[in-house]
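Fold and geometry: a report
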Amino acid sequence: MHRTAQDIYDSFVEFARTFGAFQLFFLRLLRHSPSMLTSRFGVVVGQVYNAGALSLVIVMVCGLFVGAVLALQAYSNMSRFNAEDWTGVAAALALLKELGPVMTAILFAGRAGTALTSEIGLMKATDQLSAMEMMAVNPVRRVVVPRFLGGVIAMPLLAAVFSAVGLFGAHLVGVELFQVDVGSFWQQIQLMVEPADVREGIYKSIVFGIAASLIAVWEGYNTVPTAEGVGRATTRTVVITAITVLVFDFMITAVLI
Amino acid sequence: MGDGSDNLIEIRNLKYSRGARPIFDGLDLNIRRGEVTAIMGPSGTGKTTLLRLITRQLIPQQGTILVDGIDISTLNTSHLYQLRRRFGMLFQNGALLTDLSVFENVAFPLREHTNLSDRLIRHIVLTKLHAVGLRGAAGLMPAELSGGMARRVALARAMVMDPDILIYDEPFVGLDPISMGVIVRLVRRMNDALGITSIIVSHDVQEVATVADCSYLLSDGQVAASGSPDELSTATSVLVRQFMHGMADGPVAFHYDAPSYEEQLLGRDS
């Protein structure tokens, strides 16, 4: 009994220590971000390309099918009430408010987050970060901050692309497949989707972008510098990001609703 | 900036453990200004750890490390980085930045710390690459280099800022005999011509003998012997003789601590 209590206490202390270090790490990133954006903007743009442009194909393909399946479900359920014209609205609201940001964040974790973690982790394992330290170059500023900023900037853009392509997928299914009137389809969307709905999606994608990028670079920077350690860190990036995004999604929705 | 003492680096009563295993237990050691000092010792005696302690990549549990009279444990990050600009370090595996070409790797410290024009940077980088025989490899990526070539590029990068102190971690491993000869002469020539202080961690007794002014032999967390390579090679100490002449029998066991071979093979132990 005593041992169990001690184990729980030790776990709590370890968690508190890690969480504190995580917050300090985040503050370090924020402290170096303005100077990196002004003095080394080209490096940040390169990372936006790595995290964003290279994730475009997977985001667009997934967006297309998610939009299509939403329209399928919406049409099949709305048709029970003779409300097929609402197919577009249902798909648009689901995409803009929920699935666009959430699915993009999870895809981002799988494609760009794992790449960030493994890249930084391997740099650590092969002494590249130590070499920078020895060259009096701060690896957090030079390596971690541009990758973090690249992810933060890329995520909302990817979420926007996901939602746009998703709407196109919904259009294909609703209008082209089920012959919903194209005018009603888009007019209902225009009438029912309000700026607040779009803003909700934007807020979420920004928060998820910060969370997903922060978790990815944290795991990479703190990886155990071995092949096994990098593998574990990469897995943790996906799992922790997915859970964090879903928890944050609930919290933001609860606040904004 | 310096304190004018003959010793550029002074280590006093250094204690450092990794987990429960002590690496250094009251180590005292001096690195003399302008000399090539070799640090030798059997595997696992903490030679690389010592280099990381000297450059404060690691922090000792006890003891002081003075670099040019400055206790490095008292430095804040910005002062530490200022001090590190005086260091050049060659890592065991080269530690080249894998997303940059050979040229950009060598140019990296110049781009980070100076406002030199591209033309001047190009001139300096090509000069350093020429010194290590890899001017023609400037456009290659690190993945296209052999281990020995990567280490030579890392050497060019370590000396590109003309440091006061050059630290070499196993610089001779993986070099072919021709490269080895050139690099050994380069280390010596740079030291003499530029007044650099060099620290070499190496197992290569022969090469160290040709280049070092002073050698330290580490064992059991302390300095077991020190002196010029000639003094060490003629020393009467059993440990020194075993290491310098590569003898199997002696105080340094070849085998890691283990239970009885016979009992383990016959499965009598747990």
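Residues numbered from 1 in each chain as written. Chains lettered and ligands numbered in written order. Predicted model: local features only at pLDDT ≥ 70, side-chain atom pairs only at ≥ 80, totals over all residues. Heavy atoms only, no water.

Describing the overall build of chain A
Here is the rule we go by: Only DSSP runs of H or I reaching four residues or more are called helices, and only runs of E reaching two or more are called strands; each is numbered from the N terminus. Note on exposure labels: buried denotes an accessible area under 20% of the residue type's maximum, exposed denotes more than 50%, and partly exposed covers the range between, all computed with a 1.4 Å probe on protein chains only. In this description, contact between two residues means that some pair of their heavy atoms is separated by no more than 4.5 Å. We get accessible surface area from the Shrake-Rupley algorithm with a probe of 1.4 Å; when it comes to residues, only the shown protein chains can shield them. Charged residues are defined narrowly, with Lys and Arg counted positive, Asp and Glu counted negative, and His plus the chain ends left uncounted. Positions of charges follow a simple convention, taking NZ of Lys, CZ of Arg, CG of Asp or CD of Glu.
Secondary structure assignment for chain A yields nine helices and zero strands. In chain A, the order of α-helices and β-strands from amino to carboxyl end is α-α-α-α-α-α-α-α-α. Across its three principal axes, chain A shows a C-alpha extent of roughly 65 × 55 × 30 Å. Among the 257 residues that make up chain A, the fraction classed as buried is 47%. Look at the contacts in chain A between residues 6 or more apart in sequence, and 84% of them connect residues 24 or more apart. A total accessible area of about 12500 Å² is found for chain A, and carbon and sulfur atoms account for 70% of it. If you average the places of the 16 positive and of the 17 negative side-chain charges in chain A, the two averages end up 12 Å apart.

Focus on the packing of helix α5 (residues 147–159) of chain B against helix α6 (residues 177–194) of chain B
Residues and elements named next belong to chain B. In plain terms, the rule: For helices, the fitted line uses only the C-alpha atoms of the stretch in contact; every axis is such a line through C-alpha atoms, and the angle between N-to-C directions lies from 0 to 180 degrees. Should an angle lie under 35 degrees it is considered roughly parallel, over 145 roughly antiparallel, and from 65 to 115 roughly perpendicular; all remaining angles are considered oblique. Residues were grouped as follows: Ala, Val, Leu, Ile, Met, Phe, Trp, Tyr, Cys and Pro as nonpolar; Asp, Glu, Lys and Arg as charged; and all remaining residues, including Gly, as polar.
At a minimum axis separation of 12 Å, α5 and α6 run at an interaxial angle of 10°. Regarding the angle of α5 to α6, the classification is roughly parallel. Of the residues in α6, those touching α5 at Arg152, Leu155 and Met159 are Ser179, Ile183, Leu186 and Met190. Classifying every residue of the contact of α5 with α6 gives five nonpolar, one polar and one charged.

A word on the interface of chain B and chain A
As a reminder, the rule being used: Note: buried area is the sum, over both parts, of the accessible area (probe 1.4 Å) each one loses when the two are combined. By definition, a salt bridge exists where a carboxyl oxygen of Asp or Glu is found within 4 Å of a side-chain nitrogen of Lys or Arg. The term polar contact refers here to a pair of N or O atoms within 3.5 Å; inside protein, the definition further demands a hydrogen-donor-capable atom paired with an acceptor-capable atom, and it admits residues adjacent in sequence only when both atoms are side-chain atoms.
The interface of chain B with chain A comprises 20 residues on the first partner and 16 residues on the second. Summed over both sides, the interface between chain B and chain A buries roughly 1600 Å², with carbon and sulfur atoms accounting for 57% of that surface. Summed over the three residues of chain B that lose the most area to chain A, namely Tyr81, Phe108 and Glu112 of chain B, the buried surface amounts to 31% of that side. Where chain B touches chain A, the interface holds five salt bridges. Close ionic contact of Glu112 of chain B with Arg142 of chain A constitutes a salt bridge, the shortest N to O distance being 2.7 Å. Applying the counting rule to chain B against chain A returns eight residue pairs in polar contact (both at pLDDT 80 or more). The set of elements that each furnish at least two residues to the side of chain B that touches chain A consists of α2 (77–84), β6 (87–90) and α3 (102–113) of chain B. Considering each element in turn, the side of chain B that touches chain A owes the most residues, four residues, to α3 of chain B. Residues of the side of chain B that touches chain A, tallied by class, amount to nine nonpolar, five polar and six charged.

Describing the sheet that holds strand β2 (residues 21–32) of chain B
All names here are of chain B. What counts is decided by this rule: Note: two strands are recorded as paired if DSSP finds a minimum of 2 bridges between them.
Taken in spatial order, the four strands make up an open sheet running β2-β1-β4-β5, and their pairing is antiparallel. Edge strands, defined here as strands with exactly one partner in the open sheet, are β2 and β5 (70–71). As paired elements, strand β1 (residues 7–18) and strand β4 (residues 62–67) share five bridges and run antiparallel to each other. Bridge assignment links Lys15 to a residue of β4, and that residue is Gln62. Running over the sheet, helix α1 (residues 47–54) touches β1, β2 and β4 and is turned about 120° from β1.

Focus on the pattern of salt bridges
All names here are of chain A. What the rule picks out here adds up to 24 salt bridges over all chains. Among the ionic pairs, Asp197 bridges to Lys97, the shortest N-O distance being 3.2 Å. In this pair, Asp197 is assigned in helix α8 (residues 195–221) and Lys97 in helix α4 (residues 87–125), connecting sequence segments 100 residues apart. Since its relative accessible area comes to 24%, Lys97 is described here as partly exposed. Among the charged side chains, a salt-bridge network with shared partners connects Lys97, Glu98, Asp197, Glu200, Lys204 and Asp249.

Observations regarding the nonpolar core
The nonpolar side chains of a soluble globular protein tend to be buried with one another. How we decide: To form a nonpolar core, buried Ala, Val, Leu, Ile, Met, Phe, Trp, Tyr and Cys residues must be joined to one another through side-chain atoms within 4.5 Å.
By size, the foremost hydrophobic cluster in this structure holds 93 residues, and its most contacted members are Leu29 of chain A together with Ile9, Ile11, Phe24, Leu50 and Ile199 of chain B. At 15 residues, helix α6 (residues 139–177) of chain A tops the list of elements feeding residues into this core. Listed in part, the 51 residues of the second largest apolar core include Val184, Ile200, Val211 and Ala212 of chain B.

Quick word on the sheet that holds strand β8 (residues 197–201) of chain B
Residue and element names in this part refer to chain B. Taken in spatial order, the six strands make up an open sheet running β6-β7-β8-β3-β9-β10, and their pairing is mixed. Each having just a single partner strand, β6 and β10 (222–227) make up the two edges of the open sheet. Strand-to-strand twist of the sheet, defined as the mean angle between neighbouring strand axes without regard to direction, takes the value 15°. With four bridges joining them, β6 and strand β7 (residues 165–169) adopt parallel strand pairing. Considered in β7, the bridge of Gly88 is made with Leu166. Sheet strands in contact with α5 are β6 and β7, and its direction is about 175° off that of β6.

Brief notes about the pairing of β7 of chain B
Residues and elements named next belong to chain B. Across the five residues that make up β7, a large majority, five, are buried. Covered by surrounding structure in β7 are Ile165, Ile167 and Asp169 together with Leu166 and Tyr168, the residues of both alternating faces. Relative to β8, β7 is paired through five bridges, and the arrangement is parallel. Following the sheet pairing, Ile165 is matched in β8 by Thr197.

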